[in-house]
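Structural features, examined
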Amino acid sequence: QPVPGWQISAEQLGLPPDGAPKLIGNVGDRGIFLGITGTGWWLAGVDVATGKRLFPAVELGRSDDALGFNCFVNGPKMVLCIREDRDPAKPARAWVVDTDHGSTIFDGPTELRIPPFDNHPTVEQRGDYAVATVSGEGVHGVGPHAELTWFVPGGGHLSGEKDWEHDAAPQSLAAQDGGPSSSTYV
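The text that follows walks through the structure, step by step, so that each part is easy to find. Note that the structure is predicted; figures quoted are calculated from it, not measured. (Residues numbered from 1 in each chain as written. Predicted model: local features only at pLDDT ≥ 70, side-chain atom pairs only at ≥ 80, totals over all residues. Heavy atoms only, no water.)

**Re the pattern of salt bridges**
Here the structure, examined in full by the defined rule, presents six salt bridges. Taking the shortest distance from any N to any O, the salt bridge between arginine 30 and aspartate 100 comes out at 3.3 Å. One end of the pair, arginine 30, is in strand β2 (residues 30-36); the other, aspartate 100, is in the loop between β7 (92-98) and β8 (103-110), and 70 residues separate them in sequence. Judged by relative accessible area, which is 17%, arginine 30 ranks as buried. When its relative accessible area of 34% is taken as the criterion, aspartate 100 is described as partly exposed. Between glutamate 84 and arginine 113 there is a salt bridge; the shortest N-O distance is 2.9 Å. Of this pair, glutamate 84 sits in strand β6 (residues 78-85) while arginine 113 sits in the loop between β8 and β9 (122-126); the two residues are 29 residues apart in sequence, bridging distant segments of the chain. Both residues of the pair, glutamate 84 and arginine 113, belong to the buried class. Within the structure, one salt-bridge network assembled from shared partners comprises Arg30, Lys77 and Asp100. (Salt bridge = Lys/Arg side-chain N within 4 Å of Asp/Glu carboxyl O. Helix = DSSP H or I, 4+ residues; strand = E, 2+ residues; numbered from the N terminus. Buried < 20%, exposed > 50% of the residue type's maximum accessible area, 1.4 Å probe, protein only.)

**Let's talk about the side chain of histidine 140**
Mapped onto the fold, histidine 140 is located in strand β11 (residues 138-142). Classification of histidine 140 as buried rests on a relative accessible area of 7%. Separated by 3.0 Å, the side chains of histidine 140 and glutamate 137 make a polar contact. Among residues more than four places away in sequence, those in contact with histidine 140 are Val131, Ala132, Val134, Leu148, Trp150 and Phe151. (Polar contact = N/O pair within 3.5 Å; in protein donor to acceptor, adjacent residues only side chain to side chain. Contact = heavy atoms within 4.5 Å.)

**Concerning the sheet that holds β9**
With antiparallel pairing, four strands are arranged side by side in an open sheet as β9-β10-β11-β12. With partners counted over all chains shown, the strands left at the sheet margins are β9 and β12 (148-153), one partner each. Each strand axis lies, on average, 35° off the axis of its neighbour in the sheet, ignoring direction. (Pairing = 2+ DSSP bridges. Axes fitted to C-alpha atoms, helices over the stretch in contact; angles between N-to-C directions.)

**Here we look at the environment of glycine 51**
By the secondary structure assignment, glycine 51 is in the loop between β3 (40-47) and β4 (52-62). In this structure the C-alpha to C-alpha distance between glycine 51 and isoleucine 8, which are 43 residues apart in sequence, comes to 6.8 Å. Not counting residues within four places of it along the chain, the set of residues in contact with glycine 51 comprises Trp6, Ile8 and Val46.

**A few points about the nonpolar core**
Ranked by internal contacts, the top residues of the largest apolar core, which has 17 residues, are Ile24, Leu43, Leu60, Phe69, Cys71 and Cys81. Looking at this core, the elements that each hand over two or more residues are β1 (20-27), β2, β3, β4, β5 (66-73), β6 and β7. If you tally residues by element for this core, the top one is β5, at four residues. Formed by 15 residues, the second largest nonpolar core is a distinct cluster that contains Leu80, Ile82, Ala132 and Ala146. (Core = buried A, V, L, I, M, F, W, Y, C linked by side-chain atoms within 4.5 Å.)

**So, the sheet that holds β2**
One open sheet holds the four strands; their spatial order is β1-β2-β3-β4, and the pairing between them is antiparallel. Taken across any chain shown, the strands that pair with only one partner, and hence form the sheet edges, are β1 and β4. With direction set aside, neighbouring strand axes in the sheet form an average angle of 20°. For β2 and β3, the ladder comprises seven bridges, and the chain directions are antiparallel. For isoleucine 36, the partnering residue across the bridge sits in β3 and is tryptophan 41.

In structure tokens:
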């Protein structure tokens, strides 16, 4: 029988008072939230079993001239956030945060993009990891410095569910279009 449990406010998470928390995702009992304010973004984490904050909120940057912003869980202990500039000639900026300590592992330019963006590595959440797809090329893993890592050649279009029910285990297998008559499993 469901019973009242813990509650936590944006302020208790360490977010500015005007912050509206948005769930990014979770790995096990580690819930990761993005605090969106009028001036920028903050990352916060909660142990959803106990309601305790995982780490002090991490400021990710200002929202000036941002076209888009999104975050992705990337394994049990990392979150990848990407900011697209309104000027398409400027590179996107990425932050990678270690959610054990709330420390920023990486803060800098990246070739990664958030959808929709053609002919660049576009990040998608698949299960507990972020992957980057490139149309007509294939699928890449994403490392701790927002860099491309492993690679599986193919069409670069993944099938399967992007989102999963949060009370069920995430999928660990996806298929990509490998061309007119083949598929590759990631």
